[in-house]
Amino acid sequence: MGFLDVILGRSKPVRPDLDQLFAIPSAAITLQAGAGFLPTGLGSVCFASVEGGAFSRVRDEVRELLDADTATGGLPVEFSQDSYGYTWLLARQSPDDVTTLVNDLHAVNTLLRDAGFGPQLLCSLVGFRDAEQRPLALVYLYKRGTFYPFAPVVGAGERRDNELELQARALLTNDLRLEPDLSRWFPVWGAPGL
């Protein structure tokens, strides 16, 4: 960062740190103890698709890696596209095995980044539900290197439970690097894994 950057108020962008994802199992324990939210075993990665052979090869590598356990009862990954044209990869594990789910999400992000597609990565999320079946997701913003909670209200269209999101933020301050700018807590309506 140069002198002019300081004078003009520009800041150096945060480098993504995919290892931050490994804090999710600890955060899951905090969410369970503090708010009664349990992992669903569902997690997803969102990225902007790119046309071309190189991206297709990476996508095939991701599928091959994560589907390696389907012969022994593991569930295959699913790819879908949202209304904005972004691709979502949905990974499934046992709800009591958050660590393996996080490993899967980390592997997908790492494969895409190492193949040169890091700029296409948008976010990753891990889903939770409480006894009332209220959904909550911990969303990792790739470009910011931070997390935020996202809690859509079931059956209310595109409405969020802001109180629950703020409660989750208060619970998780010691577990995750949380996004301080609330305007960056983007809704991920209809995200696979929620």
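Whatever comes next refers back to the structure up there.
Here the structure is a predicted model, which is why all the values come from computation and not from measurement.

Asks: Hey, could you run me through the overall build of the chain in this one?
Replies: Scanning the chain for helices and strands turns up five helices and six strands. When burial is assessed residue by residue, the chain has 42% of its 194 residues classed as buried. In the chain, once contacts between residues fewer than 6 apart in sequence are set aside, the share between residues at least 24 apart is 64%.

Asks: What exactly am I supposed to notice about the packing of helix 2 (residues 24–35) against helix 5 (residues 162–172) here?
Replies: The angle between the axes and the distance between the axes are what describe a pair of packed helices. Running from N to C, helix 2 and helix 5 point in directions that differ by 120 degrees, and their axes come no closer than 10 Å. Considered as vectors, helix 2 and helix 5 are oriented oblique to each other. Between helix 2 and helix 5 lies a crossing of right-handed hand. Together, Ala27, Thr30, Leu31, Gly34 and Ala35 of helix 2 and Gln167, Ala168, Leu171 and Leu172 of helix 5 make up the contact between the two elements. Looking at side-chain class alone, the contact of helix 2 with helix 5 contains six nonpolar, three polar and no charged residues.

Asks: It is not clear to me how the sheet that holds strand 5 (residues 135–141) should be interpreted in this structure. Could you clarify?
Replies: Backbone hydrogen bonds hold the strands of a sheet together, and the pairing may be parallel or antiparallel. As summarised here, the arrangement of the six strands in space is 2-3-1-4-5-6, forming an open sheet in which the pairing is antiparallel. With partners counted over all chains shown, the strands left at the sheet margins are strand 2 (78–81) and strand 6 (146–150), one partner each. Strand-to-strand twist across the sheet, computed as the mean angle between neighbouring axes with direction ignored, equals 25 degrees. Sheet topology places strand 2 next to strand 3 (residues 86–92); four bridges connect them, and they run antiparallel. The residue of strand 3 that forms the bridge with Ser80 is Trp88.

Asks: Help me out: how do you make sense of the packing of helix 2 against helix 4 (residues 98–117) in this one?
Replies: Between helix 2 and helix 4, the shortest axis-to-axis distance is 9 Å and the interhelical angle comes to 140 degrees. In terms of axis orientation, helix 2 runs oblique to helix 4. Every pair of crossing elements has a handedness; the one defined by helix 2 and helix 4 is right-handed. Contacts between helix 2 and helix 4 pair Ile24, Pro25 and Ala28 from the former with Val98, Thr99 and Val102 from the latter.

Asks: Explain the environment of Ile29 here, please?
Replies: Among the secondary structure elements, Ile29 is positioned in helix 2. Residue class for Ile29 comes out exposed when judged on its relative accessible area of 59%. For the pair Ile29 and Pro39, spaced ten residues apart in sequence, the C-alpha to C-alpha distance is 9.3 Å.

Asks: What am I meant to see in the side chain of His106 here?
Replies: Along the chain, His106 turns up in helix 4. On the basis of relative accessible area, His106 is assigned to the buried category, the value being 15%. Here the side chain of His106 touches Asp19 through a polar contact of 3.1 Å, side chain to side chain. In contact with His106, other than residues within four places in its own chain, are Leu18, Asp19, Leu21 and Phe22.

Asks: Where do I start with the packing of aromatic side chains in this structure?
Replies: Within a pair of aromatic rings, the relevant descriptors are the distance that separates the centres and the angle that separates the planes. Taken as a whole, this structure holds three aromatic pairs when the rule is applied. Centre to centre, the rings of Phe150 and Trp189 are 5.3 Å apart; their planes meet at 70 degrees, and the pair counts as edge-to-face. With Phe150 in strand 6 and Trp189 in the segment after helix 5, the pair connects residues that are 39 residues apart, well separated along the chain. Looking at Trp189, the relative accessible area reads 29%, which means it is partly exposed.

Parameters and conventions
- Throughout this document, residue positions are counted from 1 along each chain, in the order its sequence is written.
- Only residues with pLDDT of 70 or above have their local features reported here, since the model is predicted, and side-chain atom pairs are shown and tallied only from 80 upward, although totals for entire chains, interfaces and linings are computed over all residues.
- Only hydrogens and water are set aside; all other atoms, that is, all heavy atoms of the structure, feed into the side-chain values.
- Helix and strand assignments follow DSSP, with helices taken as H or I runs no shorter than four residues and strands as E runs no shorter than two, numbered in order from the N terminus.
- Each residue gets one of three labels from its accessible area relative to the maximum for its type: buried under 20%, exposed over 50%, partly exposed in between, using a 1.4 Å probe on protein chains only.
- Here, two residues are considered to be in contact whenever any of their heavy atoms come within 4.5 Å of each other.
- Helix axes use the C-alpha atoms of the stretch in contact, all axes being lines fitted to C-alpha atoms, and the angles between their N-to-C directions lie in the range 0 to 180 degrees.
- The cut-offs work like this: below 35 degrees is roughly parallel, past 145 is roughly antiparallel, 65 to 115 is roughly perpendicular, and the gaps in between are oblique.
- Left-handed describes a crossing whose near helix is turned anticlockwise from the far helix through less than a right angle; right-handed describes the clockwise counterpart.
- Three categories are distinguished: nonpolar for Ala, Val, Leu, Ile, Met, Phe, Trp, Tyr, Cys and Pro, charged for Asp, Glu, Lys and Arg, and polar for the others, with Gly belonging to the last.
- Here, strands pair whenever DSSP counts at least two bridges between them.
- Polar contact criterion, stated in full: a pair of N or O atoms within 3.5 Å, where within protein one must be able to donate a hydrogen and the other to accept it, and residues adjacent in sequence count only if both atoms are side-chain atoms.
- Only centres within 6.5 Å qualify two rings of Phe, Tyr or Trp (six-membered ring in Trp) as a pair; their planes then separate them into stacked at under 30 degrees, edge-to-face at over 60, and tilted for everything else.

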